[in-house]
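One letter stands for each residue in the lines below.
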Amino acid sequence: MSTPKRIFVKGNEAICHGALTAGAKCFFGYPITPQNDIPEFMSAAMIEAGGQFVQAESEVAAANMLLGAAGCGIRALTSSSSPGISLKQEAISYMAGSEIPGVIVNVSRGGPGLGDIGPSQGDYFQATKGGGHGDYHLLVLAPGTVQEAYDLTIKAFDLAFKYRNPVMILADAIIGQMKEPLVPWIPQGLDPDEGQDWGLQGAKGRAPRLLKSLFLDDGALAGQNEKLAAKYRAMQVETDQELFLTEDADLIVVAFGSIGRIVKSTIRKLRAQGHKVGLVRPITLFPFPSAVLLDLARQGKRFLTIEHNMGQMVEDVRLAIRTVADSAFHGQLPGNLPTPDDFEQPILKALEG
Amino acid sequence: MNQEIRVTNYPEVLTDRASHYCPGCHHGIAHRLVAEAITELGLVDKTILIGSIGCSVFIYNYLSLDAIESPHGRAPAVATGVKRARPDKIVFSYQGDGDLASIGMAEIMHCANRGENITTIFVNNTVYGMTGGQMAPTTLVGQKTTTCPGGRCRENEGMPIRMTEIIASLGGVAFAERVAVNNIKNIKKAQKAVTKAFECQTKEIGFSFVEVLATCPTNWRMTPIQANKRIETEMIPYFPLGNFKDVLAKEEK
Amino acid sequence: MSMYQDAIIAGFGGQGVMLIGNLLAYAGMNAGLNVTYIPVYGPEMRGGTANCTVVVSDDVIGSPIIRSPVSLIIMNGPSLDKFQPQLQDGGILILNSSLIDPVKSDKNRVKVYAVPVNEIADSLGNSRMANMVAIGAYVQATGVLPVKQVQDSLGSVISEHYSHMIPKNAAAIQAGADYVIAHGQYV
């Protein structure tokens, strides 16, 4: 068997390759560190692919361009980093309300406010709890490797169209800037008629289509909210996570994205010293792998949630296992690059109980 | 007993339903101008409507077109996305003065400057109508609104913005004209301007823009007839009618 | 026993540390191994050093960021001050003795290879290839990959426009490796 061809790329580039191979036809962006590789790459690659690239006047406009393009039933995306993602929330809420399948990439950085340009997981709440106004959720995918950045970008488009719901890829400066070998693959069976049964195209020979989130008639908004809620329940089947050495573990570390992979190195080292530690790395942050965690909790395992923030996902972990267990928490502060050494003592402490 | 008899025809793309607009409001006329223009040019089947926020948020109830709602002020950005995704379609935004000239100033300026092949119908009635008559960027000096009860004051609120002149100055713009629909003569001119704007789009020569000076009798606290007169006596003197840019006419010369 | 090697490569901006980091990672990938490369930017860049971390392993790589590496390539003084204390006991240090007095190295705790990379590059006719001399010395000293594997990967990091420079760069890599063979560890 021949080794599949590997390319050596940054996470940010992997996202671009993933979007292009998934058939994305429009990219709308705005410069902000640490995601600039994405619009820079797309400005040439999207045109080569026969698509459209617009450097918008603002993050607000970029997200609204996405609203329009995805509203035509075509695959489109925007990317930014934390402060820019805040500006996009208006259009994201409209996409959720109007059931428009835009893909939004957040290569997150430290906050609040201008924060810094280093990695952070401070946008977990914003990504998973809605982010903009109103009662909605995004599907949220958190890559932990460059390969996953590629794979999950392809998946993001599939899920966006499957549920007609915006999807966010929540990466960070580590995943965006690090390079790793990537095995590109081409998704098969893309439906050429995808989005054509509801997208805007001109009402020739049929009743007009209307994409809207305004529901003023008696009971209309209630109906829409119920419909969305049913969709969010249906999304639970998309839950995905990596389990690493959990079977015989006394302590389960829960960590996502870059922190998930860094903790893996710590766990390997502690395992070599005889400590029974395992890892659950949620790959979908919404839907959240609550059932997997509850199952592990019922086996009597203890929990430590590690995040690159002051404690956000830990609330979902605690919610998942609340009837049988609790989770300790270690928050890695922003401004320093996290290393495996940083997590040794917190894990050893949690092992002691 | 009197029976109402329709004495003129109207384009099929206009739906047969009573509008929610107040008596004497000019939105109905502006809607009809758009309907007539795209019908005359044979574009109805491929036109996509970009709605906005304001009284005209329900325009999709009156024009039988594929349509999408935009957040407040963002219609030109949404239109850009739609047009880029479907370059073979006719795309237009329909926006009021609060939407376009205040919260959406960045979007309209850059959309126009990029020369997006879309058309914007800008209905300027000098107030925020839907929210109850607050001051707009186009409110005239001295005009009383619910947020400038003493009248707009130049020192405090600045001067009303003349959008068509600004738009006409941008490189990507093919067509920019200000019209009124307060009398038959002006309506005829307005009809020509709207048709030309869509024609520019079919020729893919850049952004086209028509500002329609419009009444808001309810928020102006006027009768429809008084409001119509105000267009002539107060608005046109400050917002002069006429064409400010017509690349097509230049080419024809 | 699985194979694992990590390295922090540090120097002044412009010394080409990112380029040889990429080269090492490409060579690892071309050898069929797993690799990660991460450039360090942000506050740490303001200390006058540019650096990157490379991990090469035949197992799945966890962290791409390493605080206590098993090897270092140090191209300037400030980088030595910053990274030498973090180098693991018994780790390998490639030190640019053209710019740093090897006396400053912690030779009793770690294995030091003092290589005058600037002079060697100058002798080859291009001082800008000092970084290539350093990576050659590194590969020879650590044995992480065959020297040839690294030379063969030059095409991945040198743009087509400069492809005529590949033989010279390959020679510089060889010169670094040869220097380590000839002079051995600094003691």
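Quick note: structure is the one above.
What you see is a predicted model; the values in this text were computed from it and never measured.

Draft legend 1. Examining the overall build of chain B more closely. What chain B contains, in helices and strands, is 10 helices and 9 strands. Taking 18 Å as the expected radius of gyration for a compact globule of 253 residues, we find that chain B reaches 17 Å, a close match to that expectation. Residues classed as buried in chain B amount to 54% of the 253 residues present. Put simply, 68% of the contacts in chain B that link residues at least 6 apart link residues at least 24 apart.

Draft legend 2. Seen up close, the overall build of chain C. Within chain C, the regular secondary structure consists of 7 helices and 6 strands. Over its C-alpha atoms chain C spans a radius of gyration of 15 Å, differing by no more than 12% from the 16 Å that the globule rule assigns to 187 residues. For chain C, restricting intrachain contacts to residue pairs at least 6 apart in sequence, the fraction spanning at least 24 positions comes to 59%.

Draft legend 3. Representation of the interface of chain C and chain A. If you look at the interface, chain C gives 19 residues, while chain A gives 23 residues. Among the elements of the structure, α1 (17-30) and β2 (34-40) of chain C are those that each provide at least two residues to the side of chain C that touches chain A. Ranked by residue count, the leading element in the side of chain C that touches chain A is β2 of chain C, at 6 residues. Its residues assigned to classes, the side of chain C that touches chain A shows 12 nonpolar, 6 polar and 1 charged.

Draft legend 4. Main features of the packing of helix α3 (residues 59-70) of chain A against helix α4 (residues 82-98) of chain A. All names here are of chain A. In the contact formed by α3 and α4, the axes pass within 7 Å of each other and the chain directions differ by 30 degrees. On the basis of their axis angle, the class for α3 and α4 is roughly parallel. Seen from above, α3 lies across α4 with right-handed handedness. Residue-level inspection shows E59, V60, A63, N64, L66, L67 and A70 of α3 in contact with α4, the latter providing G84, L87, K88, E90, A91, I92, Y94 and M95. Broken down by class, the residue content of the contact of α3 with α4 amounts to 10 nonpolar, 2 polar and 3 charged.

Draft legend 5. Spatial organisation of the pairing of strand β2 (residues 26-29) of chain A. Residue and element names in this part refer to chain A. Alternating positions in β2 separate into two faces, C26 and F28 on one and F27 and G29 on the other, with burial throughout. Alignment of β2 against strand β3 (residues 52-55), held across 4 bridges, turns out to be parallel. From the neighbouring strand, F27 faces β3, where its bridge partner is F53. As a crossover connection, the stretch from β2 through helix α2 (residues 37-48) into β3 is right-handed. Relative to strand β4 (residues 76-80), β2 runs parallel, the two sharing 4 bridges. Residue pairing in the sheet places F28 in a bridge with T78 of β4.

Draft legend 6. Here's a closer look at the interface of chain A and chain B. Taken residue by residue, the interface counts 36 residues in chain A and 28 residues in chain B. Elements represented by at least two residues in the side of chain A that touches chain B include exactly β2, β3, α3, α4 and β9 (210-211) of chain A. For the side of chain A that touches chain B, the element with the most residues is α3 of chain A, which contributes 8 residues. In the side of chain A that touches chain B, the residues fall into 21 nonpolar, 9 polar and 6 charged. Of the strand pairs in this sheet, β9 of chain A and strand β2 (residues 66-68) of chain B are connected by 2 bridges, and their pairing is parallel. If you follow L210 of chain A over to β2 of chain B, its bridge partner there is A67 of chain B.

Draft legend 7. Representation of the sheet that holds strand β14 (residues 302-307) of chain A. Residues and elements named next belong to chain A. With mixed pairing, 5 strands are arranged side by side in an open sheet as β10-β12-β11-β14-β15. Among the strands making up the open sheet, the edge pair consists of β10 (241-244) and β15 (327-331). If you compare each strand with its neighbour and ignore which way they point, the axes differ by 20 degrees on average. Judged from the 4 bridges that link them, strand β11 (residues 251-254) and β14 form a sheet pairing that is parallel. In the sheet register, L251 faces β14, and the bridge partner there is R302. Against the sheet, helix α9 (residues 257-272) touches β10, β11, β12 (277-282) and β14, its axis set at about 170 degrees to β12.

Draft legend 8. Highlighting α1 of chain C. Residue and element names in this part refer to chain C. Across its 14 residues, α1 extends 20 Å between first and last C-alpha, which sits within 8% of the 20 Å expected from 1.5 Å per residue. Of all 14 residues in α1, 11 are buried, a share of seventy percent or more. By the burial criterion, the buried members of α1 are V17, I20, G21, N22, L23, L24, A25, Y26, A27, G28 and M29. Phi turns positive, to about 85 degrees, at G32, one or two residues after α1.

Draft legend 9. Structural view of unusual backbone geometry. The omega angle of the peptide bond from G111 of chain A to P112 of chain A is 5 degrees, so this bond is cis rather than trans. Here P112 of chain A lies in the loop between β5 (103-108) and α5 (124-128). One non-glycine residue, R164 of chain A, lies in the positive phi region at around 45 degrees. Mapped onto the fold, R164 of chain A is located in the loop between α6 (146-163) and β7 (167-172). What makes R164 of chain A partly exposed here is the crowd of 17 C-beta atoms within 10 Å. Positive phi values are uncommon outside glycine, yet T126 of chain B reaches one of about 65 degrees. With respect to the element layout, T126 of chain B can be found in the loop between β4 (119-124) and β5 (127-128).

Draft legend 10. Representation of helix α9 (residues 224-238) of chain B within the structure. Residues and elements named next belong to chain B. Taking 1.5 Å of rise per residue, the 15 residues of α9 would be expected to cover 21 Å, and the 21 Å separating its terminal C-alpha atoms lies within 8% of that figure. At R230, α9 shows its largest bend, some 35 degrees. Every buried residue of α9 is listed here: A227, R230, I231 and M235.

Draft legend 11. Geometry of the nonpolar core. Residues V253 of chain A together with I94, V133 and A134 of chain C are the most contacted members of the largest nonpolar core, which totals 239 residues. Each of domain 1 (7-201 + 226-237) and domain 2 (240-352) of chain A gives at least three residues to this core. Residues within four places of V253 of chain A in sequence aside, it is in contact with V263, I267, V277, L279, L304, I306 and I347 of chain A. One finds C25, V127, Y128 and A136 of chain B within the second-largest nonpolar core, a separate group that totals 8 residues.

Cut-offs and rules
- Residues numbered from 1 in each chain as written.
- Chains lettered and ligands numbered in written order.
- Predicted model: local features only at pLDDT ≥ 70, side-chain atom pairs only at ≥ 80, totals over all residues.
- Helix = DSSP H or I, 4+ residues; strand = E, 2+ residues; numbered from the N terminus.
- Rg over C-alpha atoms; globule rule 2.2 N^0.38 Å.
- Buried ≥ 20, exposed ≤ 12 C-beta atoms within 10 Å, placed from the backbone.
- Contact = placed C-beta atoms within 7 Å.
- Nonpolar A, V, L, I, M, F, W, Y, C, P; charged D, E, K, R; others polar.
- Axes fitted to C-alpha atoms, helices over the stretch in contact; angles between N-to-C directions.
- Parallel < 35°, antiparallel > 145°, perpendicular 65-115°, else oblique.
- Left-handed = near helix turned anticlockwise from the far one by under 90°.
- Pairing = 2+ DSSP bridges.
- Right-handed = clockwise from strand over helix to strand, strands pointing away.
- Expected span 1.5 Å × (residues − 1).
- Bend = angle between axes of the 7 residues up to and from the residue.
- Core = buried A, V, L, I, M, F, W, Y, C linked by C-beta atoms within 7 Å.
- Domains from an automatic or database assignment.

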